[in-house]
Amino acid sequence: SLLSYLFIALSYNLGLKRIPYIETIIVALGYIVRADCGSKTINVESSTLMLLSIFIIANFFIQLKRLGELNLGTQNKFISSRYVLKFYKKNIIKFISFFLILFQAIIFIIYIYIVNYKLILCFSFILFFLYKYYLLIKNNSNGEKPIGFILSNKTLLNLSLVILLSSLIIYL
């Protein structure tokens, strides 16, 4: 796994970071490798659905981060140091992001069906969170700093707490 992460990082830095859309996939793959390494560290087997879900959500936030960077450039005549940004199209990023929400919904439904039907409550809150986040940032630069935006937005922060609490209720 360490070799996988090293390969991904080197591939990204040696040229893949210059290819639009592919570079976001490479970054998202890094999240999968880190999650899998963490699972192995605590002697837990990573499920395919978990890793796929991590990939989709990571890609979702990375796509919207690129959109935020593009929107920042539009709003402030910001000149990005990220070369690849000039090849991105806002409408394509919005389409990909929305598609990722739908794909994540399918993964959740499969997981709920296979593992625990009680997770339907969490599933609903998570999907609402992702869709709300998408709507709030798609036309501005707030997506550039997702954690800061989520923590500063009362709706998203409260939804995060509800998701956490509903998960605790299900598993405790």
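In short, a report on the structure.

## Observations regarding the pattern of salt bridges
A side chain of one charge can pair with a side chain of the opposite charge when the charged atoms of the two come close.
At step 1: For the structure shown, the criterion picks out 4 salt bridges.
At step 2: For Asp36, the salt bridge goes to Lys40, with nearest N and O atoms at 3.0 Å. A residue pair is termed a helical-turn pair when its members lie 3 or 4 positions apart in one helix, as Asp36 and Lys40 do in helix α2 (residues 22-41) at 4 residues.
At step 3: The residue Glu69 makes a salt bridge to Lys65 at a minimum N-O spacing of 3.9 Å. Here the residue Glu69 and the residue Lys65 both occupy positions in helix α3 (residues 48-76), the gap between them amounting to 4 residues, near one helical turn.

## Points about the packing of helix α1 (residues 2-13) against α2
At step 1: Close contact between α1 and α2 brings their axes to 9 Å; oriented N to C, the two are set at 160°. One way to sum up the angle between α1 and α2 is to call them roughly antiparallel. In terms of crossing hand, the pair formed by α1 and α2 is left-handed. Residues Leu2, Ser4, Tyr5, Ile8 and Tyr12 of α1 lie in contact with α2, whose contacting residues are Glu23, Ile26, Val27, Leu29, Gly30, Val33, Arg34 and Cys37.

## A closer look at the nonpolar core
At step 1: Judged by nonpolar contacts, the single largest core of 38 residues is most densely connected at Phe60, Phe61, Leu64, Tyr88, Phe129 and Tyr133.
At step 2: Looking at this core, the elements with two or more residues in it are α2, α3, α4 (90-114), α5 (120-137), α6 (146-152) and α7 (154-171).
At step 3: Examining the composition of this core, we find that 10 residues originate from one element, α3, more than from any other.

## Regarding the side chain of Ser53
At step 1: Relative to the elements of secondary structure, Ser53 occurs in helix α3.
At step 2: For Ser53, the residues in contact, after removing those within four places along its chain, are Gln104, Ile107 and Phe108.

Criteria and thresholds
Residues numbered from 1 in each chain as written. Predicted model: local features only at pLDDT ≥ 70, side-chain atom pairs only at ≥ 80, totals over all residues. Heavy atoms only, no water. Salt bridge = Lys/Arg side-chain N within 4 Å of Asp/Glu carboxyl O. Helix = DSSP H or I, 4+ residues; strand = E, 2+ residues; numbered from the N terminus. Axes fitted to C-alpha atoms, helices over the stretch in contact; angles between N-to-C directions. Parallel < 35°, antiparallel > 145°, perpendicular 65-115°, else oblique. Left-handed = near helix turned anticlockwise from the far one by under 90°. Contact = heavy atoms within 4.5 Å. Core = buried A, V, L, I, M, F, W, Y, C linked by side-chain atoms within 4.5 Å. Buried < 20%, exposed > 50% of the residue type's maximum accessible area, 1.4 Å probe, protein only.

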